[in-house]
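# Fold and contact review
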Amino acid sequence: MVGALPGASHIWLLFAVGALSAVLWTACSGDSEPAGPTATPASAIDGELTVIASEWGFGPEGIILQQGEEVRITLQNDGAIIHNLKVSGLEVDVIADMSSGGFSADEGELLVGADSKDIGTITFVPLEPGEYAFYCSIGSHRQLGMEGSLIVE
Ligand SMILES: [Cu+2]
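To start, this report covers the structure provided alongside it. Bear in mind the structure is a predicted one, so any value in this text is a computation, not a measurement.

Quick notes on the rules
Residues numbered from 1 in each chain as written. Predicted model: local features only at pLDDT ≥ 70, side-chain atom pairs only at ≥ 80, totals over all residues. Helix = DSSP H or I, 4+ residues; strand = E, 2+ residues; numbered from the N terminus. Buried ≥ 20, exposed ≤ 12 C-beta atoms within 10 Å, placed from the backbone. Contact = placed C-beta atoms within 7 Å. Pairing = 2+ DSSP bridges. Axes fitted to C-alpha atoms, helices over the stretch in contact; angles between N-to-C directions. Core = buried A, V, L, I, M, F, W, Y, C linked by C-beta atoms within 7 Å.

## Some words on the overall build of the protein chain
Looking only at helices and strands, one finds one helix and 11 strands in the protein chain. Ordered by position from N to C terminus, the α and β elements of the protein chain give α-β-β-β-β-β-β-β-β-β-β-β. Expressed as a percentage of the 153 residues in the protein chain, the buried residues total 25%. Sequence-distant contacts, at least 24 apart, represent 61% of the contacts inside the protein chain between residues at least 6 apart.

## Quick notes on the sheet that holds strand β9 (residues 119-126)
Read from one edge of the open sheet, five strands run β3-β2-β5-β9-β7, paired in mixed fashion. The open sheet has two free edges, formed respectively by β3 (57-59) and β7 (92-98), since each of these has just one partner strand. Going from strand to strand, the sheet's axes swing by 25 degrees on average, the running direction of each strand aside. Alignment of strand β5 (residues 71-77) against β9, held across six bridges, turns out to be antiparallel. Following the sheet pairing, Gln-76 is matched in β9 by Ile-119.

## With respect to the sheet that holds strand β11 (residues 147-152)
The mixed open sheet is built from six strands, whose spatial order is β1-β4-β11-β10-β6-β8. One side of each edge strand has no neighbouring strand; the edge strands of this open sheet are β1 (42-43) and β8 (110-114).

## Quick look at unusual backbone geometry
With the exception of glycine, the majority of residues adopt a negative phi angle, and the majority of peptide bonds are in the trans configuration. Cis geometry is adopted by the peptide bond preceding Trp-56, which originates at Glu-55 and carries an omega value of 0 degrees. One can find Trp-56 in the loop between β2 (48-54) and β3. One non-glycine residue, Asp-46, lies in the positive phi region at around 55 degrees. Among the structural elements, Asp-46 can be located in the loop between β1 and β2.

## What to know about the environment of Ala-44
Residue placement: Ala-44 occurs in the loop between β1 and β2. As for Ala-44 and Glu-70, which are separated by 26 residues in sequence, their C-alpha atoms are 9.8 Å apart. Discounting residues that sit within four places of it in the chain, Ala-44 has contacts with Leu-49, Leu-65 and Val-71.

## A look at the nonpolar core
In terms of nonpolar packing, the biggest core is built from 25 residues, with Ala-53, Leu-75, Leu-85, Leu-110 and Val-112 touching the most fellow members. Put simply, the parts of the chain that give this core at least two residues each are β2, β4 (62-65), β5, β6 (83-87), β8, β9, β10 (130-135) and β11. Take this core: its biggest share by element is four residues, from β8. Setting aside residues no more than four positions away along its own chain, Val-112 makes contact with Ile-73, Leu-75, Asn-84, Leu-85, Ser-99, Phe-103, Gly-120, Thr-121 and Ile-122.

In C-alpha cells, the structure reads:
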C-alpha cells in the first residue's frame, strides 16, 4: 500500500509531523514558567507571602515583589528533611531573620531556612528591581527541582 502512492504518503507524513510539532511547540512555549498549577507567580498580600518547600520543589514557583516595599516571607517546610530558600544577586535590607534549622542570613542576603515540619521567616526590603532565581542551597536540592523565579518590580 505504501509503495502504491509513495508521493502522497510522504506528503501526508510530513503534514502529520508538522501538525504534531506545532502542537508540542505551542504546549511548551509562550511562557518561561514551568507549566502547572503553581506556575502563576504569587505576590505578597498585606506584606506577607508563604512559600511551601518539600521534596523536590517550591510552591509557588514564581514570586513577584515590589522594590522598596517591606515583605515577610514564611518558608513552610512540609518536607521530610531540612530545606531553605535562598536568592543570589539580590541586595536586600534584612529587618528580621527567624529561620529554623540553624540558618541565618548574612547582611544583605536573602536566606531563610526551615526544619522539616517547621517554618522560618525573613522580613526584608528588596532594594533592586530585576529577575532572580530562588532555590534551596542544600546539597543537590536545586538540581532536583527546588528552584523558582523571583521578580522584583
Ligand atoms: Cu532543600
